[in-house]
Amino acid sequence: MKTAKENLLSRRHFCLCCIGGAAALGGWLTPRQAFAEARGLVSLIKDSAAASPITTHKLRNNISVLEGSGGNIAVLTGPDGKVMVDAGISVSRPQLTKALDALGNEKITHLINTHWHFDHADGNAWLHSAGARIIAQDNTRKHLAGIQRVEDWDYNFLPAPAGGIPGEVFANEHNLKLNGLSIGLKYYEPSHTDSDISVTFAEANVVHVGDTFWNGIYPFIDYSTGGSIDGMIAASNANLAATTNDTIIIPGHGKPLSNKAELQDFRDMLVAIRDNVATLKKQGKTRDETVAAKPTAAFDAKWGQFVIDPGFFTRLVYEGV
Ligand SMILES: [Zn+2]
């Protein structure tokens, strides 16, 4: 028999980004208890990913999205080999291998990390052993190479194994030409973390924006490694400026195929809640009083149905205004 927590995990496709809100969601733990349980939840997330199937969504120009192992994974196939954007969680290796094999016979030659988080980079080592060169922003390598604490999860991550650390890094921009497509990697400045990049497949008009965009759900913001609500808004503005109505936008989490209209809704939600929380904080309200005032109420029906629940998201915004 599954415990309530395991059922919750399997129902909601938990990812590491979400564990801070996970235990609070059902109302059976206070946030403090939830944070204390974080270590146990990481194990549960791994167990959940291990059992989770991978769903493949075919986009265009030989680009697909694999859903079901942490963040949304993009794959470009062709004669230069498979190019992946994000690695998922390593326990998903059997299912991911099957999904990747179904896309074609090419070897995996390149892996790009959108940022350093576990649910996007934990699979780095096995993908490197399978042949992938790993490319990322400077700060992704820095965080993966050392012990990294995430305060809102009360969790210390150990350094990645040597093979999991990106071998090729850049500061602001990096350009590749693979499988007939121009692939542009661009740093956001600190937003969800201080290591986020976008990956644009130019001729296909497809962009993976990592965890700067959570489609239809409140996002996690990692203040421990440089994230902030204002950085998230700035990244959303940059995403809007860089896309057209025909662009296929791949979010880090949430429904994997998105578009500019949904991105605009996300940006407008962030701005409105930021303003509401800032007003309450300016009035001298404490964090708990601000949560009690429900500054997200108008948005909760649509955005509050995932693991970053309204109270947890309010606390994240409060921290940055
Ligand atoms: Zn993340």
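Asker: I tried to follow the sheet that holds strand 11 (residues 181–187) on my own but got confused; where do I start?
Answerer: Think of a sheet as strands paired side by side through backbone hydrogen bonds, with each pair either parallel or antiparallel. Spatially, five strands are ordered 10-11-12-13-15 in an open sheet, and the strand pairing comes out mixed. Where the open sheet ends on each side, the last strands, each with one partner, are strand 10 (173–178) and strand 15 (248–250). Adjacent strand axes in the sheet meet at a mean angle of 15 degrees, parallel and antiparallel pairs treated alike.

Asker: What is the right way to read the side chain of N179 from this model?
Answerer: Tracing the sequence through the fold places N179 in the loop between strand 10 and strand 11. From its side chain, N179 meets the backbone oxygen of G81 in a polar contact 2.9 Å long.

Asker: Looking at this structure, I do not really get the sheet that holds strand 5 (residues 108–112). What am I missing?
Answerer: Strand order across the open sheet formed by seven strands is 1-2-3-4-5-6-9, with mixed pairing between neighbours. Strands at the two margins of the open sheet, each flanked by one partner only, are strand 1 (55–58) and strand 9 (168–170). Across the sheet, the mean angle separating the axes of adjacent strands is 20 degrees when strand polarity is ignored. Sheet topology places strand 5 next to strand 6 (residues 133–137); three bridges connect them, and they run parallel. Note on strand 6: the bridge partner recorded for L111 is I134. Across the sheet, helix 5 (residues 93–102) is in contact with strand 1, strand 2 (63–67), strand 3 (73–76), strand 4 (82–85) and strand 5; its angle to strand 2 comes to roughly 160 degrees.

Asker: Looking at this structure, I do not really get helix 13 (residues 310–318). What am I missing?
Answerer: The α-helix advances 3.6 residues per turn, and as a result positions three or four apart in sequence lie on the same side. Within helix 13, eight of the nine residues are buried, leaving the element largely enclosed by the surrounding structure. Listing the buried residues of helix 13 in full gives G311, F312, F313, T314, R315, L316, V317 and Y318.

Asker: Help me out: how do you make sense of the side chain of H192 in this one?
Answerer: Take H192: it is sitting in the loop between strand 11 and strand 12 (197–201). In this structure the side chain of H192 is engaged in a polar contact, spanning 3.1 Å, whose partner is the side chain of H117.

Asker: Help me understand the nonpolar core in this model?
Answerer: Within soluble globular proteins, side chains that are nonpolar tend to cluster in buried spots. Ranked by size, the top nonpolar core spans 41 residues in total, and within it F220, F266, M269, L270, I308 and F313 carry the most contacts. Broken down by secondary-structure element, the contributors of at least two residues to this core are helix 6 (118–121), strand 8 (155–157), helix 9 (229–241), helix 10 (260–282) and helix 13. When residues of this core are assigned to their parent elements, the largest contribution, six residues, is made by helix 10. If we ignore the near neighbours within four places in the chain, the residues touching M269 are Y218, P219, F299, W303 and F313.

Asker: Please explain the environment of N245 as it appears in this structure.
Answerer: Its place among the elements puts N245 in the loop between helix 9 and strand 15. Classification of N245 as exposed rests on a relative accessible area of 68%. It is 6.9 Å that separates the C-alpha atoms of N245 and N259, two residues lying 14 residues apart in sequence.

Asker: Where do I start with helix 8 (residues 138–145) in this structure?
Answerer: Among all positions of helix 8, only N139, T140, H143 and L144 are buried. Projected down its long axis, helix 8 shows its buried positions confined to an angular sector of 130 degrees, all on one face. Buried residues belonging to helix 8 abut helix 6, helix 7 (124–129), strand 6, strand 7 (148–150) and strand 11. Put simply, Q137 is the residue that caps the front of helix 8, since its side-chain oxygen is 2.7 Å from the backbone nitrogen of N139.

Asker: Mind showing me how you'd approach the environment of T77 here?
Answerer: For T77, the position within the fold is in the loop between strand 3 and strand 4. Taking the relative accessible area as the measure of exposure, T77 reaches 10% and is therefore buried. Along the sequence, T77 and L178 sit 101 residues apart, while their C-alpha atoms lie 9.2 Å from each other. Contact partners of T77, with chain neighbours within four places excluded, come to N62, K82, L103, E106 and N179.

Asker: What am I meant to see in the pairing of strand 5 here?
Answerer: Where a strand is regular, its side chains alternate between the two sheet faces. For strand 5, the buried fraction is high: five of the five residues fall into the buried class. Here strand 4 runs beside strand 5; their pairing, made up of four bridges, is parallel. Its bridge partner lying in strand 5, K82 is registered against I108. As for the winding sense of the linkage, the β-α-β connection from strand 4 through helix 5 to strand 5 is right-handed.

Asker: Whenever I open this one, the pattern of salt bridges confuses me. Can you help?
Answerer: Pairing between side chains of opposite charge can happen when their charged atoms approach one another. Inspection of the entire model under this criterion finds eight salt bridges. The partner of D268 in a salt bridge is R267, and the shortest N-O contact between them spans 3.1 Å. By relative accessible area, which is 33% here, D268 ends up partly exposed. Under the relative-accessibility criterion, R267 is labelled partly exposed at 23%.

Asker: Quick question: what am I supposed to make of the packing of aromatic side chains here?
Answerer: The description of an aromatic ring pair rests on the distance of the ring centres and on the angle between the ring planes. Applying the stated criterion to the full structure yields six aromatic pairs. For the pair F266 and W303, a centre-to-centre distance of 6.0 Å together with 50 degrees between the ring planes defines the contact as tilted. Here the residue F266 occupies a position in helix 10, and W303 occupies one in helix 12 (residues 297–303), the gap between them amounting to 37 residues. Following the ring pairs from residue to residue traces out a cluster consisting of W116, F118 and F157. For the cation-ring pair, K281 lies above Y318, with the distance from its terminal atom to the ring centre recorded as 4.4 Å.

What counts as what
- Residues numbered from 1 in each chain as written.
- Predicted model: local features only at pLDDT ≥ 70, side-chain atom pairs only at ≥ 80, totals over all residues.
- Heavy atoms only, no water.
- Pairing = 2+ DSSP bridges.
- Helix = DSSP H or I, 4+ residues; strand = E, 2+ residues; numbered from the N terminus.
- Axes fitted to C-alpha atoms, helices over the stretch in contact; angles between N-to-C directions.
- Polar contact = N/O pair within 3.5 Å; in protein donor to acceptor, adjacent residues only side chain to side chain.
- Contact = heavy atoms within 4.5 Å.
- Buried < 20%, exposed > 50% of the residue type's maximum accessible area, 1.4 Å probe, protein only.
- Core = buried A, V, L, I, M, F, W, Y, C linked by side-chain atoms within 4.5 Å.
- Arc of directions from axis to C-beta.
- Right-handed = clockwise from strand over helix to strand, strands pointing away.
- Salt bridge = Lys/Arg side-chain N within 4 Å of Asp/Glu carboxyl O.
- Phe/Tyr/Trp six-rings, centres within 6.5 Å; stacked < 30°, edge-to-face > 60°.
- Lys NZ or Arg CZ within 6 Å of the ring centre and 35° of its normal.

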